[in-house]
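# What the coordinates show
The chain contents come next:
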Amino acid sequence: MIKKIFLLLIVAAAVGLFFHYDLQQLLTLDGLKGSMDQFNQYKEQSPLLVIGGFFLLYVVVTALSLPGAAILTLAAGALFGLVEGLLVASFASTIGATLAFLVSRYLLRDSIKQRFPERLAAIDAGVEKEGGFYLFTLRLVPVFPFFLINLLMGVTAIKSWTYYWVSQLGMLAGTFVFVLAGTQLAQIDSLSDVLSFNLILSFALLGIFPFIAKGILNVFKKRRVYKNYTKPKKFDRNMIVIGAGAGGLVTSYIAAAVKAKVTLIEAGEMGGDCLNYGCVPSKAVIKSAKIAEQIRHGENYGLENATPQFSFKKVMARVHRVIADVAPHDSVERYTNLGVDVVKGYGKLIDPWTVEIKLNDGDTQTLTARTIVIATGARPFVPPLPDIEETGYVTSDTLWNKFAELDEAPKKLVVLGGGPIGSELAQSFARLGSSVTQIEMAERIMIKEDLEVSTFAHEALTESGVNILTSHQALRCEARDGKKYIVVKHNDKEIDIEYDELLCAVGRSARLKGYGLEELGIETNRTVVTNEYLETLYPNIFAAGDIVGPYQFTHVAAHQGWYAAVNGLFGHLKKFKVDYRVIPWTTFIDPEVARVGLNEQDAKNKGIDYEITRFEFEELDRAITDSATKGFIKVITPKGKDKILGVTVVSEHAGDLIAEFVLAMKHGLGLNKILGTIHSYPTWAEGNKYAAGEWKRAHAPEKVLNLLEKYHTWRRG
């Protein structure tokens, strides 16, 4: 900080001296004309010294963003001629501009990054992809003050070398015009003689040229991508969607809604993983497990504690009944009625416009479409532990059918993985009678959450009977004497853990094989590689959902489905970048953990100057009436501002409570707006308002309040 202040003082002193001694008068057209004879004499006596001094002066003027760079460019032409003057002015201006850029970066970037982290991150992402292109365009058009470009670009993450060579190239045309004009200095009465309207218009047209060139390059790029394929003259469909999970369903629904002819291909169950194996069945079993736990602790509600009497087989039958009740929302019949052509089978890309479908009845069908969307989802990842296949395991996809056959919950259940899925299922089956051991290689479960949230979750699961082993690495599975074991390592010691069932919940991997992606050369790196519009290597082939990432949530897949549909059908008119700025998620342990935006560890990692506002649910009337006071709301804001950077809610109904903060962040509403909104009493949602009130109380204007106290004292006489 001291170094920055010292540099700022040097810059301020240099600028101050420049104006104090009226040196700007030398950098006017009249001043230049009046000094030419003297400069020419100096040049004849010491040409190298004059060139060196002029070069240094130009660099200093540009680096300090002083007025007069245009005059110096004219002087370069007048003193040294066209070729020599162009070389001197071009390199001096670029070096000076780069120095100004570096000073701006050193003095301003960190503070602006702390104040506006999200905006700067978005700008940096754009600069990384297109920064050189846009800088080149700005340099071509002299309408934009170059000193302002230097200062603003310094705040971004553009590379210094890129900034230098793009500036050198981009300013060359303008420098040439001024140097050429300088060779005819006597005929110039004002800078408008150089920068006439027609010349500025010419530069503006020149500035448009890179965009035209970019468009032409894109056309050639597309031709190169498609060069080995023959595009159909007519198409069977406007759009084909492969995969009927959340992403594929939303994509096809929107396509049909705007009257496009769309085919949706699905070999398995409609609704994808969420309906059949994930969100729906897991929430159903969580509810049953929670009721069982409440019966055990009836005294919390003025009742008697009791041992819940239930049939595990009936619990699992209810899970399948819930799936069946939700299924019509995603059924073939519903989507057919909506105008979607639903085909049951496996789709594979043959070329960028053609899909071959191996129908479930054994036949084969081939369809062409102008746009294709891949939405094939993800599957549970099974770690390649020795003998895991021989000893057997279940995943979140397979446990529902296997456990439905059991008369009671597995006596000894090992859950491998401490993330959201593993934590939800570990707690639920522990409450339903299993002796559950949860194994996590990291130092804590739910590692993406703040330490206090992970600790809270750890305690909640432990209270439910889960034995949590963190910092334990799974090594192998073994079968001995009719029993099954998983061998783990902890503190360099191997430990055998016996189990009846092993549940693998260590993450999910995108379904990439068997859809023709490799044959078409579409890049995959754990997920399908797309641009910000969800386009793959081929601009007419899109991807959405878990196969893309970066978030494997049903609601994100649905979110991407909208972009895939709109960009796929109307991208030739207008394309939309996917907006990932405000993504909520919830882990449905009891109490729930919901989050949107940054948490505290994120804010620390990003170097943000933040503050925390907390509200404890033990102070909320509704939480007290429900005997559910454990938990809190934790809001991250910039120092002194009510702007919401992120929120974590730990409580019952946290997944519902977070929605208000999602809405506020999406539309730029601060805590003051939430505080000024009426919330029904007594509800859980009041917690959001009280959290906003905590922020307001911490930022009360003390001086104003002191004056008001004196005013009211005076009013009392």
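What comes next concerns the included structure. (Residues numbered from 1 in each chain as written. Predicted model: local features only at pLDDT ≥ 70, side-chain atom pairs only at ≥ 80, totals over all residues. Heavy atoms only, no water.)

In a regular helix each residue adds 1.5 Å, so 17 residues correspond to 24 Å; helix H20 (residues 554-570) covers 24 Å between its end C-alpha atoms and thus fits that length. Of the residues making up H20, those classed as buried are Val556, Ala557, Gln560, Gly561, Tyr563, Ala564, Ala565, Val566, Asn567, Gly568 and Leu569. Lining the buried residues of H20 we find strand S1 (237-242), helix H10 (246-257), strand S5 (364-374) and strand S18 (541-543). (Helix = DSSP H or I, 4+ residues; strand = E, 2+ residues; numbered from the N terminus. Expected span 1.5 Å × (residues − 1). Buried < 20%, exposed > 50% of the residue type's maximum accessible area, 1.4 Å probe, protein only. Contact = heavy atoms within 4.5 Å.)

A word on the packing of H10 against H20. Contact geometry of H10 with H20 gives a least axis separation of 7 Å together with a crossing angle of 35°. The element H10 and its partner H20 pack so that their crossing is right-handed. In this structure, H10 uses Ala246, Gly247, Val250, Thr251, Ile254 and Ala255 to contact H20, whose residues at the interface are Thr554, Ala557, Ala558, Gly561, Trp562, Ala564, Ala565 and Leu569. (Axes fitted to C-alpha atoms, helices over the stretch in contact; angles between N-to-C directions. Left-handed = near helix turned anticlockwise from the far one by under 90°.)

This part is about the side chain of glutamine 168. Among the secondary structure elements, glutamine 168 is positioned in helix H7 (residues 160-170). At 2.6 Å, the side chain of glutamine 168 forms a polar contact with the side chain of serine 90. Within polar-contact distance, the side chain of glutamine 168 engages the side chain of tyrosine 164 at 2.8 Å. Leaving out residues up to four positions away in the same chain, glutamine 168 has contacts with Ser90, Phe91 and Thr94. (Polar contact = N/O pair within 3.5 Å; in protein donor to acceptor, adjacent residues only side chain to side chain.)

Okay, the state of the cysteines next. Scanning all chains against the criterion turns up 1 disulfide. Free cysteine: cysteine 477, not disulfide-bonded; nearest cysteine sulfur from cysteine 504 at 7.4 Å. Since its relative accessible area comes to 2%, cysteine 504 is described here as buried. (Disulfide = S-S within 2.5 Å.)

Here we have 5 strands laid out as an open sheet, ordered S19-S20-S23-S22-S21, and antiparallel in their pairing. The open sheet has two edge strands with one neighbour each: strand S19 (584-587) and strand S21 (610-616). Going across the sheet, the axis of each strand differs from the next one's by a mean of 10°, ignoring polarity. Bridge analysis of strand S22 (residues 632-638) against strand S23 (residues 646-651) gives 5 bridges, and the strand direction is antiparallel. Residue pairing in the sheet places isoleucine 636 in a bridge with glycine 646 of S23. (Pairing = 2+ DSSP bridges.)

This brings us to a nonpolar patch on the surface. Among the surface-exposed residues, Val704, Leu705, Leu708, Tyr711 and Trp714 lie close enough to one another that they form a single nonpolar patch of about 520 Å² accessible area. Here leucine 708 shows up in helix H26 (residues 702-715). On the basis of relative accessible area, leucine 708 is assigned to the partly exposed category, the value being 39%. (Patch = residues over 30% accessible without salt bridge, like charges linked within 9 Å, V, L, I, M, F, W, Y side chains within 5 Å. Areas by Shrake-Rupley, 256 points an atom, 1.4 Å probe, with all protein chains shown as cover. Salt bridge = Lys/Arg side-chain N within 4 Å of Asp/Glu carboxyl O.)

Burial analysis of strand S20 (residues 592-597) places 5 of its 6 residues in the buried class, which makes it a mostly covered element. Relative to S20, S19 runs antiparallel, the two being bridged by 4 bridges. Within the sheet, the bridge partner assigned to threonine 587 lies in S20 and is valine 593. Adjacent in sequence and paired antiparallel, S19 and S20 are bridged by 4 residues. Of the pairings in the sheet, the one linking S20 to S23 comprises 6 bridges and is antiparallel in character. By the bridge assignment, arginine 595 is partnered in S23 with threonine 648.

Now for the sheet that holds strand S9 (residues 435-440). Taken in spatial order, the 5 strands line up as S7-S14-S8-S9-S10 in an open sheet, and their pairing is parallel. At either margin of the open sheet sits one strand with a lone partner, and together these are strand S7 (394-395) and strand S10 (467-470). Summarising the sheet, strand S8 (residues 412-416) and strand S14 (residues 501-504) pair through 4 bridges and their orientation is parallel. Bridging across to S14, leucine 413 finds its partner in glutamate 501. The strands touched by helix H17 (residues 420-431) within the sheet are S8, S9 and S14, with S9 carrying the most contacts at an inclination of about 165°.

Take the pattern of salt bridges next. Evaluated as defined, the whole model comprises 35 salt bridges. Across the pair aspartate 273 and arginine 508 runs a salt bridge whose closest N-O atoms are separated by 2.6 Å. Residue aspartate 273 is located in helix H11 (residues 272-276), and its partner arginine 508 is located in strand S15 (residues 508-510); the two are separated by 235 residues in the primary sequence. Judged by its relative accessible area of 16%, aspartate 273 is buried. For arginine 508, a relative accessible area of 21% translates into the label partly exposed.

Under the 1.5 Å per step criterion, the end-to-end length of helix H25 (residues 686-698) is 19 Å for 13 residues, consistent within 8% with the ideal 18 Å. Within H25, burial applies to Glu686, Gly687, Asn688, Ala691, Ala692, Gly693 and Trp695. Considering only its buried residues, H25 is in contact with S21, S22, helix H23 (654-666) and helix H24 (671-675).

Once that is clear, we can look at the environment of arginine 444. Summarising the element assignment, arginine 444 is placed in the loop between S9 and helix H18 (451-463). What makes arginine 444 buried here is its relative accessible area of 14%. Leaving out residues up to four positions away in the same chain, arginine 444 has contacts with Glu449, Asp450, Leu451, Ser454, Thr470 and Gln601. Side chain to side chain, arginine 444 and serine 454 meet in a polar contact 2.5 Å long. A polar contact of 3.0 Å, which involves the side chain of arginine 444, links it to the side chain of glutamine 601.

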